[in-house]
Amino acid sequence: MKILSGKELSELIQAELAGEAAALKKLGCTPTLAVIRVGEDEATGIYVRNKVRAAAKVGLHSEDIHLPASTSQSELEAKVECLNSDPAVHGLICQLPLPGHLNEKRLPERIDPLKDVDCFHPLNFGLMAMGTPRFLPCTPAGIIEILLRYEVPVAGQHVVVLGRSNIVGRPVAMMLGHKGIDATVSLCHSRSKDAAQLMRQADILVAAIGQPEWVKADMLKEGAVVIDVGVHQVPDPSRKRGYRICGDVDQADAASRAAAMTPVPGGVGPVTITMLLKNTIAAARMQMGGPQGGDTPA
Ligand code: GUN
């Protein structure tokens, strides 16, 4: 079973991005990413710290804007507005999930589409859906980067995507079916009939359902390539810290049938962050007057 290391792939892509960032700096522009987070959720704090750290590694500037849990919707939107109009900020994201009293569904519409490096704004999501993207959403772009750079055959293959979230399942299913990628895609969710039968036909399985170790070996076709998007903390008294990190796939079990698998941690996560940096560099270029995307086929 081959390990598709996202960590190693990220090192490679980040080295390429560092060159691009250095070239922009020579032109007087330091690509800058602003990350808003609200409240004290520990996992959110870790994700943001990883993004800020990775940005620094490739020579980007970043701002970690930490707002209190008591922040109101209008205060949050005012902060977004302020960063939208700051010419020194090229990429702007708001780390999800937000505390329950805030409306995270409407927030992407508030972000300037030219700074929307998560690709959550309906305009950018629509451009992506039509195959003429301005930005690509980070986790789906990371998954495709892993498949292509590890030379996993994708064109004409049957990919089964588990989960239909707007962040991962739905956009990755769309992108995999686009011209140039050319997979045949099944998008499964909790109400899918015969999901087990479909999964056993998958040449490539993308698990993004948010259930720890849900995918077992007997759900896989022999020789399948498995992309595990989940990240969960599960109790483990044998560990000093009392928990371990796992994905949506029971990897110890699935290893007996899969030909290749992304590990958790060190799989999709690091490449997702790398794609965010790539989008931030693209956003900086656009804001310097470069092409704005949206009119060339993906
Ligand atoms: N929460 C989980 N994934 C993401 C992501 O890709 N972007 C943001 N902003 N929040 C997230």
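Look a little higher up for the structure.
Cut-off values and rules
Residues numbered from 1 in each chain as written. Predicted model: local features only at pLDDT ≥ 70, side-chain atom pairs only at ≥ 80, totals over all residues. Heavy atoms only, no water. Salt bridge = Lys/Arg side-chain N within 4 Å of Asp/Glu carboxyl O. Helix = DSSP H or I, 4+ residues; strand = E, 2+ residues; numbered from the N terminus. Buried < 20%, exposed > 50% of the residue type's maximum accessible area, 1.4 Å probe, protein only. Pairing = 2+ DSSP bridges. Contact = heavy atoms within 4.5 Å. Axes fitted to C-alpha atoms, helices over the stretch in contact; angles between N-to-C directions. Polar contact = N/O pair within 3.5 Å; in protein donor to acceptor, adjacent residues only side chain to side chain. Core = buried A, V, L, I, M, F, W, Y, C linked by side-chain atoms within 4.5 Å. Near = heavy atom within 4 Å. Areas by Shrake-Rupley, 256 points an atom, 1.4 Å probe, with all protein chains shown as cover. Nonpolar A, V, L, I, M, F, W, Y, C, P; charged D, E, K, R; others polar. Expected span 1.5 Å × (residues − 1).

Asker: Any chance you could break down the pattern of salt bridges for me, citing the residues and the numbers?
Answerer: Scanning all chains against the criterion turns up 13 salt bridges. Its salt-bridge partner being D64, residue R37 comes within 3.0 Å of it at the nearest N-O pair. Of this pair, R37 sits in strand β2 (residues 32-38) while D64 sits in strand β3 (residues 61-67); the two residues are 27 residues apart in sequence, bridging distant segments of the chain. By relative accessible area, D64 is classed as partly exposed at 37%.

Asker: Describe the sheet that holds strand β11 (residues 260-261), listing the residues and the values that go with them.
Answerer: Read from one edge to the other, the open sheet built from six strands follows the order β1-β11-β8-β7-β5-β6, with strand pairing classed as parallel. Of all the strands in the sheet, the pair left with one neighbour each is β1 (2-3) and β6 (184-188). The strands touched by helix α5 (residues 138-149) are β7 (204-207) and β8 (225-228); relative to β8, the strand with the most contacts, the crossing angle is about 150°.

Asker: Please set out the environment of R149 residue by residue, giving values where relevant.
Answerer: Assignment of secondary structure puts R149 in helix α5. Sequence-wise, R149 and L4 are 145 residues apart; in three dimensions their C-alpha atoms are separated by 9.8 Å. Look past the residues within four positions of R149 in its chain and what remains in contact with it is L9, L12, I13 and E16. A polar atom in the side chain of R149 sits 2.7 Å from the side chain of E145.

Asker: Outline the nonpolar core, listing residues and values.
Answerer: Counting 55 residues, the largest nonpolar core has I143, L147, L176, I204, V206 and I227 as its most contacted members. A total of 10 residues in this core trace back to one element, the largest contributor, which is helix α9 (residues 268-287). Not counting the four nearest positions on each side in its chain, I227 is found in contact with L4, I143, I146, L147, I204, L205, V206, A207, T262 and V268. Residues A195, M199, L205 and A254 belong to the second largest nonpolar core, which totals 16 residues.

Asker: Lay out the site of the ligand with the relevant residues and their values.
Answerer: Every residue near the ligand is listed here: K51, C94, Q95, L96, D118 and F120. Contact distances for the ligand include 2.9 Å between a nitrogen atom and a backbone N or O atom of C94. For the ligand, whose unbound accessible area comes to 280 Å², protein coverage reaches 81%. Counted by class, the shell around the ligand contains three nonpolar, one polar and two charged residues.

Asker: So what about the environment of V152? Which residues, and what values?
Answerer: If you trace the backbone, V152 turns up in the loop between α5 and β5 (158-162). Residue V152 is classed as buried on the basis of its relative accessible area, which comes to 12%. Between the C-alpha atom of V152 and that of L4, which follows or precedes it by 148 residues, the distance is 10.0 Å. Residues in contact with V152, not counting those within four places in the same chain, are L147, I204 and V225.

Asker: An account of the environment of D228 is requested, with residue identities and associated values reported.
Answerer: Residue placement: D228 occurs in strand β8. Each C-alpha atom of the pair D228 and A34 lies 28 Å from the other, and the pair is 194 residues apart in sequence. Each residue touching D228, except ones within four places of it in the same chain, is listed here: A207, G247, D248, V249, Q251, T262, V264 and V268.

Asker: Requested: an account of α9, with residues and values cited.
Answerer: Taking 1.5 Å per residue, 20 residues should reach 28 Å; α9 reaches 29 Å between its end C-alpha atoms and fits that length. Within α9, 14 of the 20 residues are buried, which leaves it mostly tucked inside the rest of the structure. A positive backbone phi angle near 105° is found at G289, which sits one or two residues after α9.

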